[in-house]
Amino acid sequence: MKVLLLNGSPRVGGNTETALKAVEEGFKLNTKDEVEVLNVREYEIAGCKGCDYCRTTEDGSCITKDDGIMIAGKVLDADVVIFASPVYWWGISSQLKTAIDRIYMKGPFLTIKSKKIGVIAIGGATLDDPEYEIIGKQFECIAEYLNWKLVGEKYISASEKKDLSKDIESVNQLKEFYKKFI
């Protein structure tokens, strides 16, 4: 399987990056899957213009020539996509949202092959806060719309930059996250 881990955090070395390193380690130690991590912050991705140019091309190419095309292609090729983000204003980061908006260009192709997806959201609020439910619901809707399967959700309360790295139980749970996708 091809596994794509999308890091939606603008921060280097923060909790979201720590989470994905643990998930990556779990996949690499326990499966033969091809795992790729993309730090969305490292790419130039403009917002979707809603022009529907992509609907006029045979391959779903976009009029905006930037890294959004590459990321949409990697999402299309992956069997598993795990979206990870810090919580900003009860939602995912603008960096991850922009990347998700740009996969629109591959719309008709995205439903051909069912994917397993997961979501990891890390916020400063306690786990009973509605922000995690709101994010989970968004990904449930995305999965339903594209005929994908949302098979893994992990929500973590961590407010300081290095909190997750000190939470051994959560890190170990993240290393076992791969089991939801096999």
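Preceding block: the structure.
Since this is a predicted model, take the numbers as computed values, not measurements.

Draft legend 1. Inspection of helix 3 (residues 94-102) at higher detail. Buried residues of helix 3: L96, A99, I100 and R102, and no others. One face of helix 3 carries all of its buried residues, which in axial projection span an arc of 165°. On its buried face, helix 3 is in contact with strand 1 (2-7), helix 2 (67-77), strand 3 (80-86) and helix 5 (130-146).

Draft legend 2. Here's a closer look at the packing of aromatic side chains. Enumeration according to the criterion identifies 6 aromatic pairs in this entry. Ring centres 5.7 Å apart and planes at 65° place the aromatic pair W89 and W90 in the edge-to-face group. Positioned over the ring face of Y104 is R55, at 4.0 Å from the centre of the ring.

Draft legend 3. Quick peek at the packing of helix 1 (residues 15-30) against helix 7 (residues 168-175). For the pair helix 1 and helix 7, interaxial distance at closest approach is 7 Å and the crossing angle is 45°. Classed by the angle they form, the pair helix 1 and helix 7 counts as oblique. Crossing handedness for the pair helix 1 and helix 7: right-handed. Seen from helix 1, the contacting residues are A19, A22, V23, E25 and G26; seen from helix 7, they are V171, L174 and K175.

Draft legend 4. Region of interest: the state of the cysteines. For the structure on display, the rule yields 0 disulfides. Here C48 stays unpaired: no disulfide links it, and the sulfur of C54, its closest cysteine neighbor, is 6.6 Å away. Its relative accessible area of 39% is what places C48 among the partly exposed residues.

Draft legend 5. Molecular detail of the pairing of strand 1. Burial analysis of strand 1 places 5 of its 6 residues in the buried class, which makes it a mostly covered element. For the handedness criterion, the β-α-β arrangement of strand 1, helix 1 and strand 2 (residues 34-39) is classed as right-handed. Examined bridge by bridge, strand 1 and strand 3 share 5 bridges and lie parallel to one another. Residue pairing in the sheet places L5 in a bridge with I82 of strand 3.

Draft legend 6. Layout of the sheet that holds strand 3. Pairing in this open sheet of 5 strands is parallel, and the strands run 2-1-3-4-5 from one edge to the other. Only two strands of the sheet have a single partner each, and these edge strands are strand 2 and strand 5 (149-157). With strand direction ignored, the average angle separating the axes of adjacent strands in the sheet is 15°. When strand 1 meets strand 2, the two strands line up parallel, connected through 6 bridges.

Draft legend 7. Representation of the environment of G123 within the structure. You can see G123 is positioned in strand 4 (residues 116-123). You can call G123 buried: its relative accessible area is 2%. Between the alpha carbons of G123 and N7 there is a distance of 14 Å; along the sequence they are 116 residues apart. When sequence neighbours within four positions are dropped, the list of residues in contact with G123 reads V87, E131, Y132, I156, S157 and A158.

Draft legend 8. Broad picture of unusual backbone geometry. At D52, a residue that is not glycine, the phi angle is positive and equals roughly 65°. You can see D52 is positioned in the loop between strand 2 and helix 2. Owing to a relative accessible area of 34%, D52 belongs among the partly exposed residues under this scheme. A positive phi angle, near 60°, is found at N147, a position not held by glycine. Here N147 lies in the loop between helix 5 and strand 5.

The rules behind each value
Residues numbered from 1 in each chain as written. Predicted model: local features only at pLDDT ≥ 70, side-chain atom pairs only at ≥ 80, totals over all residues. Heavy atoms only, no water. Buried < 20%, exposed > 50% of the residue type's maximum accessible area, 1.4 Å probe, protein only. Helix = DSSP H or I, 4+ residues; strand = E, 2+ residues; numbered from the N terminus. Arc of directions from axis to C-beta. Contact = heavy atoms within 4.5 Å. Phe/Tyr/Trp six-rings, centres within 6.5 Å; stacked < 30°, edge-to-face > 60°. Lys NZ or Arg CZ within 6 Å of the ring centre and 35° of its normal. Axes fitted to C-alpha atoms, helices over the stretch in contact; angles between N-to-C directions. Parallel < 35°, antiparallel > 145°, perpendicular 65-115°, else oblique. Left-handed = near helix turned anticlockwise from the far one by under 90°. Disulfide = S-S within 2.5 Å. Right-handed = clockwise from strand over helix to strand, strands pointing away. Pairing = 2+ DSSP bridges.

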